[in-house]
Amino acid sequence: MQERDSGLDIFRIICCIGVLVYHAVDDTFATAGTGFNAGITLYFLASFCVPGFFLMSGFLIGKKPSVDKEYIEKKILSIATKYGGWIVFWCLIYFFLLNQHLNPLEQYISGFASGGILPVAWFLFTYMILLLLSYPLLELRKKYRIAFSLLCIVLLVSISLKNPVNEYFLSRNQALWIPLYLTYFVVGIWLNDVLSILRKYLNAPRFLLLLAAGVNLITLSIYFYFVLGSAEFLYPTTYYGRWYYSAWLITLFILVGAIRISNE
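What comes next is a walk through the structure. (Residues numbered from 1 in each chain as written. Predicted model: local features only at pLDDT ≥ 70, side-chain atom pairs only at ≥ 80, totals over all residues. Heavy atoms only, no water.)

**A few points about the overall build of the protein**
- Counting its secondary structure elements, the protein contains 11 helices and 0 strands.
- Order of helices (α) and strands (β) in the protein, N terminus to C terminus: α-α-α-α-α-α-α-α-α-α-α.
- The globule rule puts the C-alpha radius of gyration for 264 residues at 18 Å, and the 20 Å found for the protein is close to it.
- Each principal axis of the C-alpha distribution contributes one length, and for the protein these read about 65 × 50 × 50 Å.
- The buried share of the protein, taken over its 264 residues, is 40%. (Helix = DSSP H or I, 4+ residues; strand = E, 2+ residues; numbered from the N terminus. Rg over C-alpha atoms; globule rule 2.2 N^0.38 Å. Buried < 20%, exposed > 50% of the residue type's maximum accessible area, 1.4 Å probe, protein only.)

**Quick notes on the side chain of R141**
- Within the secondary structure layout, R141 lies in helix α6 (residues 122–143).
- Residue contacts for R141: discarding those within four places in its chain leaves G62, F148, I189, N192 and D193. (Contact = heavy atoms within 4.5 Å.)

**Focus on a nonpolar patch on the surface**
- On the surface, V88, L92, F95, F96, L97 and L98 cluster together into a nonpolar patch covering about 620 Å² of accessible area.
- Following the sequence through the fold, L98 ends up in helix α4 (residues 69–98). (Patch = residues over 30% accessible without salt bridge, like charges linked within 9 Å, V, L, I, M, F, W, Y side chains within 5 Å. Areas by Shrake-Rupley, 256 points an atom, 1.4 Å probe, with all protein chains shown as cover. Salt bridge = Lys/Arg side-chain N within 4 Å of Asp/Glu carboxyl O.)

**Side note on the environment of A175**
- Within the fold, A175 resides in the loop between α8 (164–170) and α9 (178–202).
- Relative accessible area serves as the criterion here: at 2%, A175 is assigned to the buried category.
- Taking the C-alpha atoms as reference points, A175 and M56, separated by 119 residues in sequence, lie 18 Å from one another.

**Digging into the packing of aromatic side chains**
- In total, this model carries 30 aromatic pairs according to the counting rule given.
- An angle of 10 degrees between the planes, with centres 4.9 Å apart, marks the rings of Y22 and Y43 as stacked. With Y22 in helix α1 (residues 6–26) and Y43 in helix α2 (residues 38–45), the pair connects residues that are 21 residues apart, well separated along the chain.
- Residue classification places Y22 among the buried positions, given a relative accessible area of 11%.
- With centroids separated by 6.4 Å and ring planes inclined at 80 degrees, the aromatic side chains of F48 and W248 adopt a geometry described as edge-to-face. Of this pair, F48 sits in the loop between α2 and α3 (49–63) while W248 sits in helix α11 (residues 243–257), and the two are 200 residues apart along the sequence. We note that F48, like W248, is buried. (Phe/Tyr/Trp six-rings, centres within 6.5 Å; stacked < 30°, edge-to-face > 60°.)

**A look at the pattern of salt bridges**
- If you walk through the whole model with that rule in mind, you get 5 salt bridges.
- Measuring nitrogen to oxygen at the nearest pair gives 3.8 Å for the salt bridge that ties K143 to E139. Here K143 pairs with E139, and both are found in helix α6, just 4 residues apart, close to one helical turn.
- D193 serves as the salt-bridge partner of R141, at 2.9 Å between the closest nitrogen and oxygen. With a gap of 52 residues between them, R141 in helix α6 and D193 in helix α9 connect regions that are remote in the sequence.

**Considerations on unusual backbone geometry**
- Within the chain, N99 stands out as a residue other than glycine whose phi angle is a positive 60 degrees.
- Tracing the chain through its elements places N99 in the loop between α4 and α5 (104–112).

**Details of the side chain of T183**
- Structurally, T183 is set in helix α9.
- Leaving out residues up to four positions away in the same chain, T183 has contacts with L155, L156 and I159.

**Regarding the packing of α3 against α6**
- Orientation of α3 relative to α6, taken along the N-to-C sense of each, is 35 degrees, at an axis distance of 11 Å. Crossing handedness for the pair α3 and α6: right-handed. Side by side, α3 and α6 meet where V50, F53, F54, S57, I61 and G62 of the first sit next to W122, F123, T126, Y127, L130, L131, S134, L138 and R141 of the second.
- Across the contact of α3 with α6, the residue classes tally to 10 nonpolar, 4 polar and 1 charged. (Axes fitted to C-alpha atoms, helices over the stretch in contact; angles between N-to-C directions. Left-handed = near helix turned anticlockwise from the far one by under 90°. Nonpolar A, V, L, I, M, F, W, Y, C, P; charged D, E, K, R; others polar.)

**Let's talk about the layout of surface pockets**
- Here the largest pocket defines a volume of roughly 1400 Å³.
- Lining the largest pocket are 44 residues, with R12, F53, M56, S57 and F123 sitting closest to its centre.
- Contributing elements (two or more residues each) for the lining of the largest pocket: α1, α3, α4 and α6.
- Here the residues of the lining of the largest pocket are counted per class, giving 27 nonpolar, 7 polar and 10 charged.
- A volume near 340 Å³ is recorded for the second largest pocket.
- Considering the residues around the second largest pocket, the lining is formed by 17 residues, among which L195, R199, G257, A258 and R260 are closest to the centre.
- Put simply, the parts of the chain that give the lining of the second largest pocket at least two residues each are α3, α9, α10 (205–229) and α11.
- In terms of residues, the lining of the second largest pocket owes the most to one element, α9, which gives 5 residues. (1 Å grid on protein atoms, 1.4 Å probe; cavity = no way out; pocket = protein on both sides within 12 Å on 5 of 7 lines; lining within 4 Å. Points joined across faces, edges and corners; volume = space filled by probe spheres on them.)

Keep in mind that these numbers describe shape and distance, not what the molecule does.
Below, the structure written as structure tokens:
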């Protein structure tokens, strides 16, 4: 039996906790005219949860020996079907408990655009788009690894810069932040190759982890330097894509992913 990758499980768990903290704190503190406190600190720390999920999703799909079109189709169909089931469930709840007549098809579509009774479904919409793109991306990686690596670097640089494309997408709801989340997804795929090369040539796993820990602490400090130094309150999403935020997120993933639990 294949050994369970406990590090990725732990990263998934802290992403789930991050989602809960992020939304709970977001609804409880006043954003304007307040000093920086423990709640806001947790809020900014937990902001990695959504980019982290996309980064991990890319890493997991890139870790598979092979991915064919049938796998992608089944994955998307499964997500779309389960989402439809939840829409029907909540439409029934609204009907029997609140006497509200909701159109399941309208709610299904609205959820993908951050609206309706399940506005968080934008995440599923974005994830399905990324799954659709994953097949050609994996083919590119398989046949032209250097070109794929260059694509990752170009995407990372592009999301860190202010440009009309970024401003257009980031001014819309999160379902349309495809360039940003696509970058983290692609980088997740790429990390399989990067870590493999580093382990092969460095032959010093502890040094790699110490390096990642050092970069993580430095970039986290820079992240909070900009948060605290801002003349006005800016939401964590403002910092998504910045070079220091991306470096913090990637090294956090590497550090947590390296955790191994041997005790059953």
